[in-house]
Amino acid sequence: MLPERLLHLWQRRRVPLAWMLLTRQPVRLAVALAGISFAGVLMFLQLGFRDALFEASITIHRLFDADVVLISPRSTSSNAMQAFPRRRLYQAAGWQEVASVAPVRWNFVQWKNPETGKPRSLLALGFDPADSVLLLPELETMQPKLRLGNRVLYDRLSRKEFGPVPEWFEQGREVRAQVGDVEVKVEGLVRMGASFSADGNLITSDRTFAKFRNSRGGVGTTNGSIELGLLRLHPGADAEALVRQMQAVLPPDVRPLTKDQFLAFEQNYWKSSTSIGFIFTLGAAMGVVVGSVIVYQILFSDVSDHLAEYATLKAMGYSHGSLVGVVMREALLLALLGYFPSWVAGLGLYALTRSQTMIPIAMTQAMATTVFCLILGMCTASGLLAMRKLNQADPAEIF
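Residues numbered from 1 in each chain as written. Predicted model: local features only at pLDDT ≥ 70, side-chain atom pairs only at ≥ 80, totals over all residues. Heavy atoms only, no water.

Focus on the pattern of salt bridges
Stage number 1. Throughout the structure, instances matching the rule amount to 12 salt bridges.
Stage number 2. Put simply, R88 and D253 hold a salt bridge, and the shortest N to O gap is 2.9 Å. Of this pair, R88 sits in helix α4 (residues 87-92) while D253 sits in the loop between α8 (239-249) and β11 (255-258), and the two are 165 residues apart along the sequence.
Stage number 3. Classification of D253 as partly exposed rests on a relative accessible area of 26%.
Stage number 4. The salt bridge partner of E187 is R151, with a shortest N-O separation of 2.7 Å. Here E187, found in strand β7 (residues 182-190), pairs with R151, found in strand β5 (residues 151-155); they are 36 residues apart in sequence, far enough to count as distant. The residues E187 and R151 share a single accessibility class, namely buried.
Stage number 5. What you see here is one network of salt bridges that share partners, running through R151, E174, R176, E183, K185 and E187. (Salt bridge = Lys/Arg side-chain N within 4 Å of Asp/Glu carboxyl O. Helix = DSSP H or I, 4+ residues; strand = E, 2+ residues; numbered from the N terminus. Buried < 20%, exposed > 50% of the residue type's maximum accessible area, 1.4 Å probe, protein only.)

This is how it looks when you write it as structure tokens:
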């Protein structure tokens, strides 16, 4: 005979009724899991693209070695950076908190694929090679090469449509290309990253940048103007307080921002001034709707098929709440089983997207948690709707 304690545990054991009801019809379970996984993949893709857009929009902005950034108040985003007078930067250098300043040219130029000759818009940054502008370790040795005329550094993470520049350069070939009407030579490769606004990037000196401006299809601003002014402060200086002082003193043709405000300036454009964020969020919402309909149909059919069994359990003394718990456990199991395949598929699709588009899309903990909560909420809501059918499980009526 079993010991008394084991016998007591055996008598108190719970029958995994929810699991048995789900696995009783494997085909129906497989269809349900496929539907939930599809909805999860749709959520991962839509929310992933949305977050990647916001992150990619500041790929270049993050690289600037600055505590305060000056821009034109007419600038709306990196797609439309307007120029402001260069002298404003040197006025800002008069504050005692400022350690150094650096003017930067920023605009899009027409790069011709050196293999096919096909033109494509590419972001060019121009600055004095003596200035420390970007947080790129490899620039320290390559930047002096930009002192020579018509020399550029090419972003190896640019899209392949710009030509096989990294491959040719690493093979030891001399790489030359046309920027507008100016022939340039690639002196080195850097790692910056493409974004939604720029598929490729190059770095050059301010003098070479001026030649781009003057060439056909150039950037078209005057020598006395710049698009960005970078200010590096002394250690311990309060960037926010300095920005407030500059806003009160400098003329209205320049706008000072802390680096964090500069990043937010770009991201806010994509969040509020375009419909892209709304579109991706709507796509994720549609995934929730599709998944909810599928889970509701599965749970409703399960309750309908076993209505007599539920009525029998009620006749045996089971409360309505305990039967509701069975349905809710089924919903929880569907959420857990359907989430894992969608998470694995999301990882694969993110990797494929990164390799093909260079967009910084990644599976973060916040993203994984958000999608799981959406799937859990989707299954829970569907379970609550399906429970209404349990009200019909009346032993007196069924039997």
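There is more to say after this.
Some words on the UniProt feature "transmembrane region" (unreviewed entry) in the protein
Stage number 1. Here the UniProt feature "transmembrane region" (unreviewed entry) sits at residues 29-49, 276-299, 331-352 and 364-387.
Stage number 2. As a span, residues 331-352 carries 100% helix and 0% strand, and end to end its C-alpha atoms are 32 Å apart.
Stage number 3. Helix makes up 92% of residues 364-387 and strand 0%. Its end C-alpha atoms lie 35 Å apart. (UniProt positions renumbered as here; feature names shortened; annotations may be inferred.)

Brief notes about the packing of helix α3 (residues 26-56) against helix α9 (residues 259-272)
Stage number 1. Axis separation between α3 and α9 bottoms out at 8 Å; the angle between their running directions is 145°. Residues L53, F54 and E55 of α3 form the contact with α9, whose own contacting residues are Q267, W270 and K271.
Stage number 2. Broken down by class, the residue content of the contact of α3 with α9 amounts to three nonpolar, one polar and two charged. (Axes fitted to C-alpha atoms, helices over the stretch in contact; angles between N-to-C directions. Contact = heavy atoms within 4.5 Å. Nonpolar A, V, L, I, M, F, W, Y, C, P; charged D, E, K, R; others polar.)

Points about the nonpolar core
Stage number 1. Core analysis: the biggest nonpolar cluster contains 30 residues, and F64, L134, M192, I203 and L228 have the highest contact counts within it.
Stage number 2. When contributions to this core are tallied by element, the ones reaching two or more residues are β1 (68-71), β3 (98-112), β4 (119-127), α5 (139-142), β10 (228-233) and α9.
Stage number 3. In terms of residue count, the dominant contributor to this core is β3 (four residues).
Stage number 4. Contacts of F64, omitting those with residues within four sequence positions, involve V104, W106, L125, V133, L134, L135, L228, L230, K259 and F262.
Stage number 5. Grouped together as the second largest cluster of nonpolar side chains are 29 residues, L22, I298, Y339 and M378 included. (Core = buried A, V, L, I, M, F, W, Y, C linked by side-chain atoms within 4.5 Å.)

Quick notes on α8
Stage number 1. Those residues of α8 that fall on the buried side of the exposure criterion are A239, A241, L242, V243 and M246.
Stage number 2. Summarising the contacts, the buried residues of α8 are in contact with β1, α4, β3, β10, β11 and α9.
Stage number 3. Between a side-chain oxygen at the N-terminus of α8 and the backbone nitrogen of E240 the separation is 3.1 Å; the capping residue is D238. (Polar contact = N/O pair within 3.5 Å; in protein donor to acceptor, adjacent residues only side chain to side chain.)

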